[in-house]
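As a plain string of letters, each chain reads:
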There are 4 protein chains.
Amino acid sequence: MRLWDTTNALHDTILKFTVGEDYLLDMQLIRYDCQASIAHARTLAKIDILSVEELNAIEAALQEIIQQVEAGTFTIRPEQEDMHTAIEEYLTQKLGDTGKKIHTGRSRNDQVLAALRLFYKDHLQHIQEQLTALLQALDRFAQKHSDVPLPGYTHTRKAMPYSVGQWTRAFADAMKDNQRLLATVMEWIDQSPLGSGAGFGVPLPLDREFTARELGFSRVQWNPLYVQNSRGKFEALILHAFTQIALDLNRLASDLIFFTQPELGFFELPGNFVTGSSIMPHKQNPDVLELMRAYAHRLVAAQLEVQMLVSNLISGYHRDYQLTKKPVLEGFAVVEQLLEVSRLLFQHLRVNAAACQQAMTDDLFATHKVYELVQQGIPFRDAYRQVAEAVRGKKQEKE
Amino acid sequence: MRLWDTTNALHDTILKFTVGEDYLLDMQLIRYDCQASIAHARTLAKIDILSVEELNAIEAALQEIIQQVEAGTFTIRPEQEDMHTAIEEYLTQKLGDTGKKIHTGRSRNDQVLAALRLFYKDHLQHIQEQLTALLQALDRFAQKHSDVPLPGYTHTRKAMPYSVGQWTRAFADAMKDNQRLLATVMEWIDQSPLGSGAGFGVPLPLDREFTARELGFSRVQWNPLYVQNSRGKFEALILHAFTQIALDLNRLASDLIFFTQPELGFFELPGNFVTGSSIMPHKQNPDVLELMRAYAHRLVAAQLEVQMLVSNLISGYHRDYQLTKKPVLEGFAVVEQLLEVSRLLFQHLRVNAAACQQAMTDDLFATHKVYELVQQGIPFRDAYRQVAEAVRGKKQEKE
Amino acid sequence: MRLWDTTNALHDTILKFTVGEDYLLDMQLIRYDCQASIAHARTLAKIDILSVEELNAIEAALQEIIQQVEAGTFTIRPEQEDMHTAIEEYLTQKLGDTGKKIHTGRSRNDQVLAALRLFYKDHLQHIQEQLTALLQALDRFAQKHSDVPLPGYTHTRKAMPYSVGQWTRAFADAMKDNQRLLATVMEWIDQSPLGSGAGFGVPLPLDREFTARELGFSRVQWNPLYVQNSRGKFEALILHAFTQIALDLNRLASDLIFFTQPELGFFELPGNFVTGSSIMPHKQNPDVLELMRAYAHRLVAAQLEVQMLVSNLISGYHRDYQLTKKPVLEGFAVVEQLLEVSRLLFQHLRVNAAACQQAMTDDLFATHKVYELVQQGIPFRDAYRQVAEAVRGKKQEKE
Amino acid sequence: MRLWDTTNALHDTILKFTVGEDYLLDMQLIRYDCQASIAHARTLAKIDILSVEELNAIEAALQEIIQQVEAGTFTIRPEQEDMHTAIEEYLTQKLGDTGKKIHTGRSRNDQVLAALRLFYKDHLQHIQEQLTALLQALDRFAQKHSDVPLPGYTHTRKAMPYSVGQWTRAFADAMKDNQRLLATVMEWIDQSPLGSGAGFGVPLPLDREFTARELGFSRVQWNPLYVQNSRGKFEALILHAFTQIALDLNRLASDLIFFTQPELGFFELPGNFVTGSSIMPHKQNPDVLELMRAYAHRLVAAQLEVQMLVSNLISGYHRDYQLTKKPVLEGFAVVEQLLEVSRLLFQHLRVNAAACQQAMTDDLFATHKVYELVQQGIPFRDAYRQVAEAVRGKKQEKE
């Protein structure tokens, strides 16, 4: 029985279709829904909708659910539709009339946003820590190999010389900018939705600031309609920040796939990082790098899916919003795994200094020759053309 | 132990990362992998790589796997990485040296494509049948309500009159065009990849046409590199065809959400198709239509994900391709569910003829008045302006 | 003065915003709008809305516009909004009342679709011819270099041997599949929209089949609402077909950027195909290949833009549709340029057979060694492991 | 002659293809390129690459270009390829050897980034001001109509009561969050790229902090490779911020299209904001709102295009990056126009208070009835079911 059920049974096919995977996805969120429910119950107690005894009973029962979730013994049944029904049903079965009071002053619309935002805050915090750990690994790697020269490429062609240290720090600096962006993402997310009901407030004198403080939100999102309209909006920003991280790692992985080619051999993956072929016995494949590269596209697609889902719709909740849950939750899982693997990678990646050194061929220094002429007073463009002719001459000689 | 394992154990985190959900997704494909393996074994027997006894033993064992899959008793373990390893391991454990021969003349690269294409063909056939069933439901609905008038809207404003029958047939005609497109999709897919190995052929005289016939493919995809390069390409076309279907249903659902508004009330969903609110007791919400509308975006995102994944890469397999599996398999599931729900919808959707009739207000017939003047010989643009002024006059009177 | 102007002047900023670039884009379509207008006038004459004299006058005036367009002397002014107003104004200024009759029995909604579809048909035909020309260039190139060996790569690592001929033919086969798809695209497009008005028909006995025949359409798109609903739908399919072509060329360009690296040198671009650097005098950059690779993304984005624009909207025209024009017209220009450049490329691309030969190292033949053992009766998986160990041994020796 | 030209003439078709629209787009940037060139010249003078006289001559000539650009008399010719060549050619023709020195210590790679970022900073500043102006207009509108009641909708169905003031402030709050995000975007952009050359530094002791100060950048982007790798990365963030603004306006426009329907009539567009139909004389269409809704999709597609273009590529410049210019420059133009039109809209939008009041039907207050029962001590879920049954009863009575 769903929260809104009165008499009509929903057609089986329609139930299955509308529930979709939601009851499964909610298993990742239910812990946060219980937390938010505790804060909500306390808010209700403050205005005497719940007595102290009722509050205590509800808090105890919600803690039980959290423990069962952690123990893996709590399940949401498909016909319950979502965690919200599962929680209210549990409370009502256990506490009778007291359980029936938990939904006073809220809607599933603000309830799910509270659970999602608590999940987001928790995981964004974790991702910031992962970025810090990755930065440490990059820093150690950069220091260790700072003097190893590396050919710089433009257009996938040798351009000018630089070093393994500089290459590594380019990614470190990108990650620092990503950290700045994540801080802004956190600022957006860190607004309490509870008390906004279905988008038009609740006819009760709820102390929304109290609820926000109880849950650790740094401010209340006051406008109830904006609470609803920010569904999808906030998620798009989260996913955008993730695409920024993932596309930097996509670049990093592309570099490493290129640099670890046997034809170049500047870097090497350790033996327990490479995979083989089912048919070709000699293969040592960088599958780990290829998947690091590939996952960026899943995140870009997820960002897009969320933005499309909420477009061309009028204000206020629509069931379409339900489909934003999956790309966002998957997005978190993907980015957390990418950051873990990247950090691990830089702890084990090997540099082949000899191969790097050997690759520092003359052409990489053509620009330096131009600047020697410039230092002698020749205008840059003339110096450039002079060296260009010399290079071409040498090339033709060879041919 | 993976097929390519020799000595190095893969780092646990890397294994987990590279396998991802693949071993789970493969449960949808393994039946087809077994079918393809039987055809491949017969091809090997034709050139005496397998004896008749070996072939029979392999066929029997593969049939066992299929039965276990259908009975729900076969599982692919994460450390097996994929169905290909699971199958070869089963055969080798059961048949010893005979099992070790099954991978002769193939690579996982052509093997997975064979399984995927057999899956695609099966399900595309099913989708064509679903479209035919939907067309029948649309036709019945159109006939039943062909005479009920309906206000035509442009710019979400009343425009000109038409009928429920014409409205319904607009979607039927779109679905007929979709069927034409699906036929072309099927033509692309219906090429046998087996025998192309890892993209560069196999040094064995395999009778590729024999294998194709055994599996019901209408032709061989001869160029081995094209076999590999069509990974993602074919999937993008499949998903595009699905977005065409889903965006037509998105339009249909948008119309119905609009037409079933109490303010208009032209159509009505039956009671067991609508859902309620957890807070507002009066609500009758068209969640089923909203999700019909929403799923189109998942398919558009899936199409995009596949096209991005395979871009900017050189020819030949990359592990990136693995990530194409999920959006495609999910795409099939989504479109099959959408078609089932749409058909059901038209079997139960109600038309409120009285509300339609009442909505046929004067403004809808303004264009007809223009044409009455045109029939009297007044040039169209003059007639248009004359009626426009009359309409404006009447409007001002009211104000 | 716009066609719909009666008294209210539109606010300047709103006019500028709503017109956008439309009046410029229409310069590509106006020729087709005139053609369609001629056919429409003949249809009107058939039912005596126009007299023979009026028809002749209108045809002559429309031919004048076509000539002025070709001579570059016709312009659409921003305040005219679009070609439809420009045409009607020209006719009315020239022919008085006769000009005011041209819009009888049509709406800009079916009028613009007619012009677009005639444009599409013309250009799709051209693209098919370009594909045929590209196939000829590929075929000549494949024949010329059919015996030159080429290392096959998987995971950007050497895999197995194949040849320049096989590599080339992989792309030829892809283009043949693209031609099949384009034929289906043409089938969709080849439906006459004229006579459907604003999506709800026109209260006149127009002979829609006659109009279709006059314009060379092979059938009438009968359902007027489907005519409107196919806006965006048809364009998405066109753009999808273009992404299929462009992503194949993206793969081709990626291969060539890789193969023309000085480190490999399998292929070479002629001197007048490469570009240089403003700072590094030695550079020979494959910008042409990089842009061939890059344009695929513009087409994927265009496809997406069109699909998003028409989603979540009810049936019937919305001004949103106007924004589909630009991505589609740009899409045609992009794909036509890509095909021209690709063909030119294969007429000038050089193969460095010596470099190819030199790259045919032992590891490429490891799989062949496995098959020698298989021929001796060793089960494949055992043979595979035996060769794998040998390769590993040799590798360790070197280290 | 391009900057890198030495002897080979580039094939005409290849030149046309590689230049594309770049020389036209650069007309929007050339002013900023000249500014950056002045700062660069001063930096060169500081290390005596340029004498004071040379510096003065160069500055004067660059100011001339700026004046000609503003006067509309400067053009970049297609065969010049881009503004960089046009500028250097102008300087060299005017100043001889002095002009040939301007490219000392830079590459087009850091030069174009400098011009782009100066453009971005200027326009981002303007957009922040536009947002502030929009917020003022929203605030005035909200105050003026703060007491007018408005039906709140969920699922496009009447839900609960709120007010025009609350509705308006929901968008104001969204725009405030967008302003926060834009501040972070500005922080990312506000890094000076000059002195990083082609991504690997320049063999000259350039004072990069001096250049940054001269141009008003608040810091130097020190790592040269990160400068290159941030191409596309920064642009994606800019475009993402724009999609956030545009999707909020998409929601706003969707609301207004809905609320201005004659069937509801809560809001009204003034007569000089609506457009008509070419065929239907009674139509008053909200094209302005439809285009406000539609442009969001162009921005989402632009964001996507940029992210795809730079994916799966190794570090360092590729010509693919050139294609990022157009979606970004168009993105700025779109968002600036959207903000101008939105502000104007709220200065002229009318509220029909009577229609709003009339729409405040009983069903909107069903939730309030639940809360009256809750206040009497009935548990929420019981109160909910009680009201639900009463509503259903009343509904059945009517039928």
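Residues numbered from 1 in each chain as written. Chains lettered and ligands numbered in written order. Predicted model: local features only at pLDDT ≥ 70, side-chain atom pairs only at ≥ 80, totals over all residues. Heavy atoms only, no water.

Chemist: I would appreciate a short explanation of the interface of chain A and chain D in the present structure.
Modeler: By convention, interface size is frequently given as the accessible area that disappears when the constituent parts associate. Residue-level contacts link 94 residues of chain A with 94 residues of chain D. Where chain A abuts chain D, roughly 8100 Å² becomes buried across the two surfaces, and 56% of that area is made up of carbon and sulfur atoms. It is Phe200, Arg251 and Ile314 of chain A in chain A that bury the most area against chain D; as a group they hold 10% of the surface buried on that side. At the boundary of chain A with chain D, the tally comes to 10 salt bridges. Residue Asp248 of chain D pairs with Lys233 of chain A through a salt bridge whose shortest N-O separation is 2.7 Å. (Contact = heavy atoms within 4.5 Å. Buried area = accessible area lost by both parts, 1.4 Å probe. Salt bridge = Lys/Arg side-chain N within 4 Å of Asp/Glu carboxyl O.)

Chemist: Quick question: what am I supposed to make of helix H10 (residues 233-259) of chain D here?
Modeler: Side chains three or four residues apart in an α-helix point the same way, a direct result of the helix having 3.6 residues per turn. With 27 residues, H10 of chain D should cover 39 Å at 1.5 Å per step; its first-to-last C-alpha distance of 39 Å lies within 8% of that length. With 27 of 27 residues buried, H10 of chain D lies mostly within the body of the structure. (Helix = DSSP H or I, 4+ residues; strand = E, 2+ residues; numbered from the N terminus. Expected span 1.5 Å × (residues − 1). Buried < 20%, exposed > 50% of the residue type's maximum accessible area, 1.4 Å probe, protein only.)

Chemist: Explanation requested: the domain arrangement of chain A in the structure shown.
Modeler: Domains assigned within chain A are domain 1 (12-100), domain 2 (108-152 + 163-358) and domain 3 (362-398). Here the C-alpha centre of domain 3 of chain A lies 74 Å away from the C-alpha centre of domain 1 of chain A. (Domains from an automatic or database assignment.)

Chemist: How should I be thinking about the interface of chain B and chain A in this particular structure?
Modeler: Counting residues at the interface gives 56 residues for chain B, matched by 56 residues for chain A. Here chain B and chain A share an interface that buries about 5500 Å² over both sides, 64% of which is from carbon and sulfur atoms. Its largest share of buried area at the contact with chain A, chain B owes to Phe17, Ser278 and Arg298 of chain B, together 14% of the area lost on that side. Across the chain B-chain A interface, the total number found is 10 salt bridges. Note that Arg298 of chain A is salt-bridged to Glu21 of chain B, the shortest N-O span being 3.6 Å. For the side of chain B that touches chain A, the elements supplying multiple residues, two or more each, are helix H1 (12-19), helix H11 (287-309) and helix H12 (325-348) of chain B. For the side of chain B that touches chain A, the leading source of residues is H11 of chain B, giving 16 residues. Among the residues forming the side of chain B that touches chain A, the class breakdown is 26 nonpolar, 16 polar and 14 charged. (Nonpolar A, V, L, I, M, F, W, Y, C, P; charged D, E, K, R; others polar.)

Chemist: Please explain H1 of chain B as it appears in this structure.
Modeler: A large share of H1 of chain B lies buried, amounting to six of its eight residues. Elements in contact with the buried residues of H1 of chain B: helix H11 (287-309) and helix H12 (325-348) of chain A together with helix H2 (22-25) of chain B. In the stretch just after H1 of chain B, Gly20 of chain B is the one whose phi turns positive, near 55°.

Chemist: Would you take a moment to explain the relation of the copies chain A and chain D for this structure?
Modeler: When chain A is fitted to chain D, the best match, at an RMSD of 0.0 Å, comes from turning it 180° and sliding it 0.0 Å along the axis. Between the two chains, the operation in question is that of a two-fold axis. Most of the interface of chain A is mirrored in chain D, where 100% of its interface residues are also at the interface. (Least-squares fit on C-alpha atoms with pLDDT ≥ 70 in both.)

Chemist: Looking at this structure, I do not really get the environment of Phe17 of chain A. What am I missing?
Modeler: Along the chain, Phe17 of chain A turns up in helix H1 (residues 12-19). In the structure, Phe17 of chain A is positioned 323 residues away from Glu340 of chain A in sequence and 35 Å away in space, judged by C-alpha atoms. Filtering out sequence-adjacent residues up to four positions away, Phe17 of chain A remains in contact with Val288, Leu291, Met292, Tyr295, Gln337, Leu338 and Val341 of chain B.

Chemist: Please explain the pairing of strand S1 (residues 149-154) of chain A as it appears in this structure.
Modeler: Every regular strand shows the same layout, with side chains that alternate between the two sheet faces. Residues and elements named next belong to chain A. With six of its six residues buried, S1 lies for the most part within the structure. Neither face of S1 is left uncovered, since the one carrying Pro149, Pro151 and Tyr153 and the one carrying Leu150, Gly152 and Thr154 both have all their residues buried. Two strands pair when backbone bridges link them, and S1 and strand S2 (residues 157-163) are joined in this way by five bridges, in the antiparallel orientation. Opposite Tyr153, over in S2, you have Lys158 as the bridge partner. Once S1 ends, the chain turns through two residues before running back antiparallel as S2, passing His155 with a positive phi of about 55°. (Pairing = 2+ DSSP bridges.)

Chemist: For this particular structure, what's the right way to read the relation of the copies chain B and chain A?
Modeler: Two copies of a chain can be linked by a rotation about an axis combined with a shift along that same axis. Turning chain B through 180° and shifting it by 0.0 Å along the axis lays it on chain A, with an RMSD of 0.0 Å. Of the residues that chain B buries at the interface, 100% are likewise interface residues in chain A, meaning the two copies contact each other through the same surface.

Chemist: What should I look at first to understand unusual backbone geometry in this one?
Modeler: Excluding glycine, most residues fall at negative phi; most peptide bonds, likewise, are trans. Of note in the backbone geometry, Glu81 of chain C takes a positive phi value of approximately 80° without being a glycine. Mapped onto the fold, Glu81 of chain C is located in the loop between helix H4 (52-71) and helix H5 (83-95). Classification of Glu81 of chain C as buried rests on a relative accessible area of 2%. Here Asp48 of chain D, not a glycine, exhibits a phi torsion of approximately 65°, which is positive. Examined against the element boundaries, Asp48 of chain D turns out to sit in the loop between helix H3 (30-46) and helix H4 (52-71). Judged by relative accessible area, Asp48 of chain D falls into the exposed class, the value being 67%.

Chemist: What am I meant to see in the packing of aromatic side chains here?
Modeler: Centre distance and the angle of the planes are the two values used to describe a pair of aromatic rings. Enumeration according to the criterion identifies 96 aromatic pairs over all chains in this entry. A centroid spacing of 5.1 Å and a plane angle of 85° characterise the contact between Phe141 of chain D and Phe346 of chain D, whose relative ring orientation is edge-to-face. Placement of the pair is Phe141 of chain D in helix H6 (residues 108-144) and Phe346 of chain D in helix H12 (residues 325-348), with a sequence separation of 205 residues. This pair shows no difference in class: Phe141 of chain D is buried, exactly as Phe346 of chain D is. Between Trp167 of chain D and Phe171 of chain D, the aromatic rings sit 5.3 Å apart at their centres with planes inclined by 70°, giving edge-to-face as the arrangement. Here Trp167 of chain D pairs with Phe171 of chain D, and both are found in helix H7 (residues 164-189), just four residues apart, close to one helical turn. Judged by relative accessible area, which is 0%, Trp167 of chain D ranks as buried. Pairwise contacts between aromatic rings join Phe141, Tyr153, Trp167, Phe171, Phe258, Phe259, Phe266, Phe267 and Phe346 of chain A into one cluster. The positively charged end of Arg31 of chain C is found above the aromatic ring belonging to Tyr32 of chain C, 4.7 Å away from the centroid. The lysine or arginine in question, Arg381 of chain C, covers the ring of Tyr384 of chain C, its NZ or CZ lying 5.0 Å from the ring centre. (Phe/Tyr/Trp six-rings, centres within 6.5 Å; stacked < 30°, edge-to-face > 60°. Lys NZ or Arg CZ within 6 Å of the ring centre and 35° of its normal.)

Chemist: Mind showing me how you'd approach the confidence of the model for chain A here?
Modeler: If pLDDT is low for a region, its predicted coordinates should not be looked at in detail. Per-residue pLDDT for chain A averages 95, and the proportion of residues at 70 or more is 98%. In the predicted assembly, ipTM is 0.96 and pTM is 0.97. (pLDDT = per-residue confidence, 0-100.)

Chemist: It is not clear to me how the nonpolar core should be interpreted in this structure. Could you clarify?
Modeler: Across soluble globular proteins, nonpolar side chains show a tendency to be buried alongside one another. Among the nonpolar cores identified, the biggest contains 608 residues, and Trp167 of chain A, Trp167 of chain B, Trp167 of chain C together with Trp167 of chain D are the most heavily contacted of them. Sequence-distant contacts of Trp167 of chain A, defined by excluding residues within four places in its chain, comprise Phe141, Leu150, Tyr162, Leu252, Asp255, Leu256, Phe259, Phe267 and Phe346 of chain A together with Leu225 and Ser315 of chain D. (Core = buried A, V, L, I, M, F, W, Y, C linked by side-chain atoms within 4.5 Å.)

Chemist: Even after reading the chapter, I still don't get the packing of helix H11 (residues 287-309) of chain C against helix H1 (residues 12-19) of chain D, so can you show me in this structure?
Modeler: For any two helices packed against each other, the geometry comes down to the angle between their axes and how far apart the axes lie. Where H11 of chain C contacts H1 of chain D, the two axes come as close as 10 Å, and the packing angle between them is 50°. Regarding the angle of H11 of chain C to H1 of chain D, the classification is oblique. In this structure, H11 of chain C meets H1 of chain D at a crossing whose hand is left-handed. Residue-level contacts link Asp287, Val288, Leu291, Met292 and Tyr295 of chain C of H11 of chain C to Ile14, Phe17 and Thr18 of chain D of H1 of chain D. Looking at the contact of H11 of chain C with H1 of chain D residue by residue, the classes come out as six nonpolar, one polar and one charged. (Axes fitted to C-alpha atoms, helices over the stretch in contact; angles between N-to-C directions. Parallel < 35°, antiparallel > 145°, perpendicular 65-115°, else oblique. Left-handed = near helix turned anticlockwise from the far one by under 90°.)

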